[in-house]
Protein chains: 2
Amino acid sequence: MENPNLKKAGLKATLPRIKILQILEENPLRHMSAEDVYKVLLGTGEDVGLATVYRVLTQFETGGLVSRHHFEGGQSVFEINQGEHHDHILCVGCGKVDEFVDEIIEQRQRAIAKKAGYVMTDHSLYIYGMCGECQKKKM
Amino acid sequence: MENPNLKKAGLKATLPRIKILQILEENPLRHMSAEDVYKVLLGTGEDVGLATVYRVLTQFETGGLVSRHHFEGGQSVFEINQGEHHDHILCVGCGKVDEFVDEIIEQRQRAIAKKAGYVMTDHSLYIYGMCGECQKKKM
DNA sequence: GATGCTAATGATAATCTTTTGCATTCGTGT
DNA sequence: ACACGAATGCAAAAGATTATCATTAGCATC
Ligand SMILES: [Mn+2]
Ligand SMILES: [Mn+2]
Ligand SMILES: [Zn+2]
Ligand SMILES: [Zn+2]
C-alpha cells in the first residue's frame with residue numbers, strides 16, 4: 001500500500017524500491033545518476049547497496065516508471081516519468097539541465113523514420129550549450 | 001607527407017595515426033568503435049596498441065577530423081568528418097545505422113537554445129527503431 | 001499472527017570500456 | 001646522422017555497471 005506505482009509496475013513493495021522511488025519523486029535534481037541516488041540513500045542512513053540501486057532503476061525503467069538518459073559523461077541518468085515526454089538542453093559549463101517540448105521536431109522525427117522505412121521506437125535529442133549564467137562567467 | 005589532414009590537425013604523421021585515419025576513411029562500416037578499429041589493425045598485422053587507438057581517436061576528435069557519437073550500448077563510436085553534419089537513425093534489431101539531414105530540425109534546435117538563453121555548442125539526435133528488414137523477420 | 005516459498009537484497013567479485021603511468025621508440029628539424 | 005620531445009605499447013588503474021550467491025524479507029496462505 002506504500003506506493004501504488006510499484007504495484008502498477010508489477011514490482012513488490014520492498015523498502016529499497018519505496019525509498020528510491022521517493023527520492024526520484026522528491027529530489028529537486030530530477031535527473032539523477034545511480035550514484036546520486038545512492039548518496040542520498042546513504043545520507044538518510046538507509047542500508048541499501050549500490051547494486052540494488054542499479055537493479056531497481058533498471059526495473060523502474062522496464063516498468064515505465066522512469067526514463068534513462070545518456071547525457072555526455074559516461075553514466076546513465078534517470079528521471080521519474082511524470083508529465084509528458086520532453087527533450088533536454090544541457091549546459092556544458094555548469095551541468096544545468098533544462099527541458100523542452102517541441103512538437104515540430106517530434107513530428108519531423110516521425111516523418112524521417114517513416115521515410116527511411118523504420119518503425120520508430122524511441123528517440124533521444126540533447127542540445128548542448130552555454131547557459132546564460134555561464135556565458136557571463138566566461139567573460 | 002603521407003596525409004595532409006594530419007598536418008592540418010597539428011598532429012605528427014606517425015604510423016598509428018596514418019593507419020587509423022586510413023581505416024576510418026576506407027572502412028565501409030563508417031561508424032566504428034575503438035575496438036572495431038583495433039580489430040582491423042590486428043587483422044592487417046599492424047602492431048598498434050588499443051590504448052593508442054583510444055588516444056589517437058580522441059586527438060582526431062579534438063582536431064576536428066572525426067566525430068564521436070554515443071549510440072546506445074556504452075561505447076563511443078567514431079566517424080570521419082567528410083560531407084556535412086548529419087544525424088542518425090539506428091535499428092534496434094540489427095544495429096544498422098542510417099543518416100539523415102533535416103534543416104527544419106536544425107533550425108528548431110537553434111531557436112530552442114536561443115529562447116532558453118543558451119549559446120548552442122553542439123547537439124545530438126538519435127532516432128531508434130526497427131528497420132524494414134528487421135520488421136519482416138519479427139513476424 | 002505464524003509459516004513457507006520465492007523473489008529481492010547486500011556484499012563482493014567480475015566485466016567492460018576507457019584512461020594513465022612509464023620506460024622505450026620514433027618523427028622531425030638541424 | 002643527431003638530438004630532443006612527442007608518441008607508443010604494455011600493463012595497471014579507474015569508472016560504471018552487471019553477475020554471483022548466500023542471506024533476508026515480502027506476501028499469500030493457514
Ligand atoms: Mn527531463
Ligand atoms: Mn554518420
Ligand atoms: Zn551553465
Ligand atoms: Zn534492422
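Note that the coordinates shown come from a computational prediction; the quantities given were computed from them, not determined experimentally. (Residues numbered from 1 in each chain as written. Chains lettered and ligands numbered in written order. Predicted model: local features only at pLDDT ≥ 70, side-chain atom pairs only at ≥ 80, totals over all residues. Heavy atoms only, no water.)

A. Local environment of the relation of the copies chain B and chain A. With an RMSD of 0.0 Å, chain B superimposes on chain A once it is rotated by 180 degrees and translated 0.0 Å along the axis. Expressed as a symmetry operation, the mapping of one chain copy onto the other fits a two-fold axis. No C-alpha of chain B approaches the rotation axis more nearly than that of Leu125 of chain B, which lies at 2.2 Å. In this assembly the copies share their binding face: 100% of the residues contributing to the interface of chain B also contribute to that of chain A. (Least-squares fit on C-alpha atoms with pLDDT ≥ 70 in both. Contact = heavy atoms within 4.5 Å.)

B. Main features of the coordination of the zinc ion (ligand 3). All names here are of chain A. Taken together, the protein ligands of the zinc ion (ligand 3) are Cys91 (SG), Cys94 (SG), Cys131 (SG) and Cys134 (SG), with distances of 2.2 to 2.4 Å. The site at the zinc ion (ligand 3) holds four donor atoms, and with the angles between them running 104 to 117 degrees, its shape is tetrahedral. Of note, the donors binding the zinc ion (ligand 3) are all from one chain and are spaced C-x2-C-x36-C-x2-C. You can see Cys94 sitting in the loop between β4 (87-91) and β5 (97-100) and its partner Cys134 sitting in helix α6 (residues 132-137), a full 40 residues away along the chain. (Donors = N, O, S within 2.8 Å, 3.2 Å for Na, K, Ca; no water. Tetrahedral: all angles 85-135°; square planar, octahedral: opposite > 155°, others 65-115°. Helix = DSSP H or I, 4+ residues; strand = E, 2+ residues; numbered from the N terminus.)

C. Geometry of the protein's contact with DNA strand D. Close to DNA strand D lie 17 residues, the nearest being Tyr54 of chain A together with Thr14, Asp47, Thr52 and Arg55 of chain B. Per the 4 Å cut-off to the protein, sugar and phosphate atoms form 71% of the nearby atoms of DNA strand D. A distance of 3.0 Å is found between a phosphate oxygen of DNA strand D and a backbone nitrogen or oxygen belonging to Gly49 of chain B. The side chain of Thr52 of chain B places a nitrogen or oxygen atom 2.4 Å from a phosphate oxygen of DNA strand D. When residues of the surface near DNA strand D are traced back to their parent elements, those giving at least two are α4 (50-62) of chain A together with α2 (15-26) and α4 (50-62) of chain B. Taken together, the residues of the surface near DNA strand D break down into six nonpolar, five polar and six charged. (Near = heavy atom within 4 Å. Polar contact = N/O pair within 3.5 Å; in protein donor to acceptor, adjacent residues only side chain to side chain. Nonpolar A, V, L, I, M, F, W, Y, C, P; charged D, E, K, R; others polar.)

D. Fine view of the sheet that holds strand β2 (residues 66-69) of chain A. All names here are of chain A. Sheet architecture is open: three strands sit in the order β1-β3-β2, paired in antiparallel fashion. Single-partner strands in this sheet number two, and they are β1 (32-33) and β2. Pairing geometry for β1 and strand β3 (residues 77-80), over two bridges, is antiparallel. Looking at the pairing, Ser33 lines up with Val77 of β3. Where helix α2 (residues 15-26) meets the sheet, its contacts fall on β1, β2 and β3, and the angle it forms with β3 comes to roughly 80 degrees. (Pairing = 2+ DSSP bridges. Axes fitted to C-alpha atoms, helices over the stretch in contact; angles between N-to-C directions.)

E. Looking closely at the interface of chain B and chain A. Facing 34 residues of chain B, the contacting portion of chain A comprises 34 residues. Across the chain B/chain A interface, buried area totals approximately 2,700 Å², and carbon plus sulfur atoms make up 62% of it. In this assembly, chain B and chain A are joined by two salt bridges. Arg108 of chain B is the partner of Asp102 of chain A in a salt bridge, and the nearest nitrogen-oxygen pair spans 2.4 Å. Where chain B packs against chain A, one counts 16 residue pairs in polar contact (both at pLDDT 80 or more). For the side of chain B that touches chain A, the secondary structure elements donating two or more residues are β4 (87-91), β5 (97-100), α5 (103-115), β6 (119-130) and α6 (132-137) of chain B. Among the elements that take part in the side of chain B that touches chain A, β6 of chain B stands out by supplying 12 residues, more than any other. Residue composition of the side of chain B that touches chain A, grouped by class: 19 nonpolar, nine polar and six charged. Bridge count for strand β6 (residues 119-130) of chain A against β6 of chain B is 11 bridges, and the pairing is antiparallel. (Buried area = accessible area lost by both parts, 1.4 Å probe. Salt bridge = Lys/Arg side-chain N within 4 Å of Asp/Glu carboxyl O.)

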